[in-house]
Amino acid sequence: MTYPTQNTMRDIEKLITTAEEICTRPFTPATVQDALGISSRERIRWTRDGKLRPIGTKMIRDRRCFSLTLYSAEDVARLLMSPGIMALWRARPASCPPQ
């Protein structure tokens, strides 16, 4: 049986830290749509209705300048863990109040 060396332990800790950073990075609109299996119209409507809250924007400067809305990884994970929430949102959109 071999025991991990100090370098191996350091590498493992670095790998864990990197994985945690990746898991908590903000989601772009396309990533949110892919992760949740929703359409761009649903994402836009739920953002407008305050159901899917953006955490900020990122300015992209390419040939032109545009902003990209960012969403919380924790919010996306919460929705993935509770698909019933999105089912309710689809059944009764906030833009159409109950009768």
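Preceding this section is the structure that the text describes.
Participant: Explain the overall build of the protein chain to me, please; I cannot follow it from the model alone.
Facilitator: The secondary structure content of the protein chain amounts to five helices and two strands. The N-to-C order of helical and strand elements in the protein chain reads α-α-α-β-β-α-α. Classification of the 99 residues of the protein chain by burial places 21% in the buried group. For the protein chain, long-range pairs separated by at least 24 residues make up 52% of all intrachain contacts whose partners lie at least 6 apart in sequence. About 7,700 Å² of surface is accessible on the protein chain, with carbon and sulfur atoms providing 56% of the total.

Participant: What is the right way to look at helix H3 (residues 40-48) in this model?
Facilitator: Note that an α-helix has 3.6 residues per turn; residues three or four places apart therefore point the same way. All buried positions along H3 are accounted for by Glu42, Arg43 and Trp46. In an axial view of H3, the angular spread of the buried residues amounts to 100 degrees, which keeps them on one side of the axis. More than 90 degrees from the buried face of H3, the exposed residues found are Arg41 and Arg48. In this structure, the buried side of H3 is in contact with helix H2 (29-36), strand S2 (65-71) and helix H5 (83-91). One or two residues past the end of H3 sits Gly50, with phi positive at roughly 85 degrees.

Participant: Sorry if this is basic, but what is going on with the nonpolar core here?
Facilitator: Burial of nonpolar side chains together is a common tendency in soluble globular proteins. With 12 residues, the main nonpolar core is built from Phe27, Val32, Leu36, Ile38, Trp46, Leu52, Tyr71, Ala73, Val76, Leu79, Met86 and Trp89. If you list the elements that add at least two residues to this core, you get H2, helix H4 (73-81) and H5. Beyond its immediate sequence surroundings of up to four residues, Trp89 is in contact with Trp46, Lys51, Leu52 and Leu79.

Participant: Looking at this structure, I do not really get the pattern of salt bridges. What am I missing?
Facilitator: Pairing between side chains of opposite charge can happen when their charged atoms approach one another. Following the criterion strictly, the structure yields two salt bridges and no others. We note a salt bridge from Asp75 to Arg53, for which the minimum N-O separation is 3.9 Å. Placement of the pair is Asp75 in helix H4 and Arg53 in the loop between H3 and strand S1 (54-61), with a sequence separation of 22 residues.

Participant: Any chance you could explain the packing of aromatic side chains here in plain terms?
Facilitator: Each aromatic ring pair is described using two quantities: the centre-to-centre distance and the angle formed by the ring planes. For the coordinates displayed, the defined rule picks out one aromatic pair. Both rings, one in Trp46 and one in Trp89, keep their centres 5.0 Å apart while their planes meet at 70 degrees; by these two values the pair is edge-to-face. Of this pair, Trp46 sits in helix H3 while Trp89 sits in helix H5; the two residues are 43 residues apart in sequence, bridging distant segments of the chain. Each member of the pair Trp46 and Trp89 is classed as buried.

Participant: How should I be thinking about the packing of H2 against H4 in this particular structure?
Facilitator: The axes of two packed helices give the description: the angle between them and the distance between them. Axis separation between H2 and H4 bottoms out at 10 Å; the angle between their running directions is 15 degrees. By the angle between their directions, the pair H2 and H4 is classed as roughly parallel. H4 is crossed by H2, and the crossing has right-handed handedness. Residues Val32, Ala35 and Leu36 of H2 form the contact with H4, whose participating residues are Val76, Leu79 and Leu80.

About the cut-offs
- Residues numbered from 1 in each chain as written.
- Predicted model: local features only at pLDDT ≥ 70, side-chain atom pairs only at ≥ 80, totals over all residues.
- Heavy atoms only, no water.
- Helix = DSSP H or I, 4+ residues; strand = E, 2+ residues; numbered from the N terminus.
- Buried < 20%, exposed > 50% of the residue type's maximum accessible area, 1.4 Å probe, protein only.
- Contact = heavy atoms within 4.5 Å.
- Areas by Shrake-Rupley, 256 points an atom, 1.4 Å probe, with all protein chains shown as cover.
- Arc of directions from axis to C-beta.
- Core = buried A, V, L, I, M, F, W, Y, C linked by side-chain atoms within 4.5 Å.
- Salt bridge = Lys/Arg side-chain N within 4 Å of Asp/Glu carboxyl O.
- Phe/Tyr/Trp six-rings, centres within 6.5 Å; stacked < 30°, edge-to-face > 60°.
- Axes fitted to C-alpha atoms, helices over the stretch in contact; angles between N-to-C directions.
- Parallel < 35°, antiparallel > 145°, perpendicular 65-115°, else oblique.
- Left-handed = near helix turned anticlockwise from the far one by under 90°.

The values reported here are purely geometric and, on their own, carry no functional implication.
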